[in-house]
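# Per-entry structural report
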Amino acid sequence: MTDKHPVLPPEEIPAIAVGSMNDTHHEEVALVNALGALLLQAVDGNADIPAITAALDEWIAHTEAHFSRENNMMQEYGFPPPYAVHAQEHSSALEGLKEIQRQWNDDQNVEQLAGYVFNSWPQWFQMHVNSMDNVTAQFLSNFVD
Ligand SMILES: [Fe+2]
Ligand SMILES: [Fe+2]
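A brief structural summary. (Residues numbered from 1 in each chain as written. Chains lettered and ligands numbered in written order. Predicted model: local features only at pLDDT ≥ 70, side-chain atom pairs only at ≥ 80, totals over all residues. Heavy atoms only, no water.)

With that out of the way, let us pick up the coordination of the iron ion (ligand 1). Where a metal carries four tetrahedral donors, each ideal angle is 109.5 degrees; where it carries six octahedral donors, the ideal angles are 90 or 180 degrees. At 1.8 to 2.2 Å from the iron ion (ligand 1) lie its protein donor atoms, namely H25 (NE2), H66 (NE2), E70 (OE) and D133 (OD). Ordering the donors of the iron ion (ligand 1) by residue number gives the pattern H-x40-H-x3-E-x62-D. Separation of the iron ion (ligand 1) from the iron ion (ligand 2) amounts to 3.5 Å, with E70 serving as a shared donor to the pair. Of this pair, H25 sits in helix α1 (residues 19–43) while H66 sits in helix α2 (residues 49–76), placing them 41 residues apart in sequence. Judged by relative accessible area, which is 2%, H66 ranks as buried. (Donors = N, O, S within 2.8 Å, 3.2 Å for Na, K, Ca; no water. Helix = DSSP H or I, 4+ residues; strand = E, 2+ residues; numbered from the N terminus. Buried < 20%, exposed > 50% of the residue type's maximum accessible area, 1.4 Å probe, protein only.)

Structure (C-alpha cells):
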C-alpha cells in the first residue's frame, strides 16, 4: 500500500492468461486507487464529495463493462459449465457495488464507503481474479489474446 496506490498496488493483481483481461483489471485497480486516495483525503477532513461520487460512478460503469465483456467472451467461445458460476459471481458483485453506491448517494458516509473500498473489495477482487477469471482465461487463451 502506497500513497499512489492506497487500495491495491497493481503488482498485486493476479496475472492471468488473457492480456486484454489483465488490461481491464489494471484499469479497474487504477480507478479504485483514485477513489481510495479521495477517501483518504476525506478521512483527513478534506472531503471532496462530488469527486468521490464521480469516481464511484466511473468505477461502477467500468465494472459493468468489464463483467459484460467477460460474460460475452465466455458465451462467444462456449466456455463450459463454470460460465454460470462466474456470471453469477459478477452479478452478485455488481449488485453489492450498486448497493454501496446507493448508500453513498443517500448519506455520503465516508467511513462506510472507505470500509468497502479498502477492505471488502480488494479481498473479493483478488479472490475472483485468482479463481474465476484465472480458469476462464486459461480456456479463453485458446481463442483470444
Ligand atoms: Fe475480470
Ligand atoms: Fe470475472
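Following the structure, the description resumes.
Another aspect to go through is empty space enclosed by the protein. To find leftover empty space, one rolls a probe the size of a water molecule over the atoms. Applying the stated rule across the entire model yields one cavity of 30 Å³ or more. What the largest cavity holds in volume is close to 40 Å³. Taken together, the elements giving at least two residues each to the lining of the largest cavity come down to α3 (82–107) and α4 (110–140). Class assignment of the residues belonging to the lining of the largest cavity gives a composition of three nonpolar, three polar and one charged. (1 Å grid on protein atoms, 1.4 Å probe; cavity = no way out; pocket = protein on both sides within 12 Å on 5 of 7 lines; lining within 4 Å. Points joined across faces, edges and corners; volume = space filled by probe spheres on them. Nonpolar A, V, L, I, M, F, W, Y, C, P; charged D, E, K, R; others polar.)

To continue, consider the nonpolar core. Core analysis: the largest hydrophobic core is formed by 32 residues, its most contacted members being L35, L39, I52, W59, L113, V117 and W121. Where this core is concerned, the elements lending two or more residues are α1, α2, α3 and α4. At 10 residues, α4 tops the list of elements feeding residues into this core. In this view, L35 contacts I52, A55, L56, W59 and V117; residues no more than four positions away in its chain are not counted. (Core = buried A, V, L, I, M, F, W, Y, C linked by side-chain atoms within 4.5 Å. Contact = heavy atoms within 4.5 Å.)

Turning our attention to the environment of A37. Along the chain, the position of A37 falls in helix α1. Linking A37 and H5, residues 32 residues apart in sequence, is a C-alpha distance of 7.8 Å.

Here the focus is the packing of α2 against α3. At a closest axis distance of 10 Å, the pairing of α2 and α3 adopts a crossing angle of 165 degrees. When the axes of α2 and α3 are compared, the pair comes out roughly antiparallel. Remark: the crossing between α2 and α3 carries left-handed chirality. By residue class, the composition of the contact of α2 with α3 is 13 nonpolar, eight polar and four charged. (Axes fitted to C-alpha atoms, helices over the stretch in contact; angles between N-to-C directions. Parallel < 35°, antiparallel > 145°, perpendicular 65-115°, else oblique. Left-handed = near helix turned anticlockwise from the far one by under 90°.)

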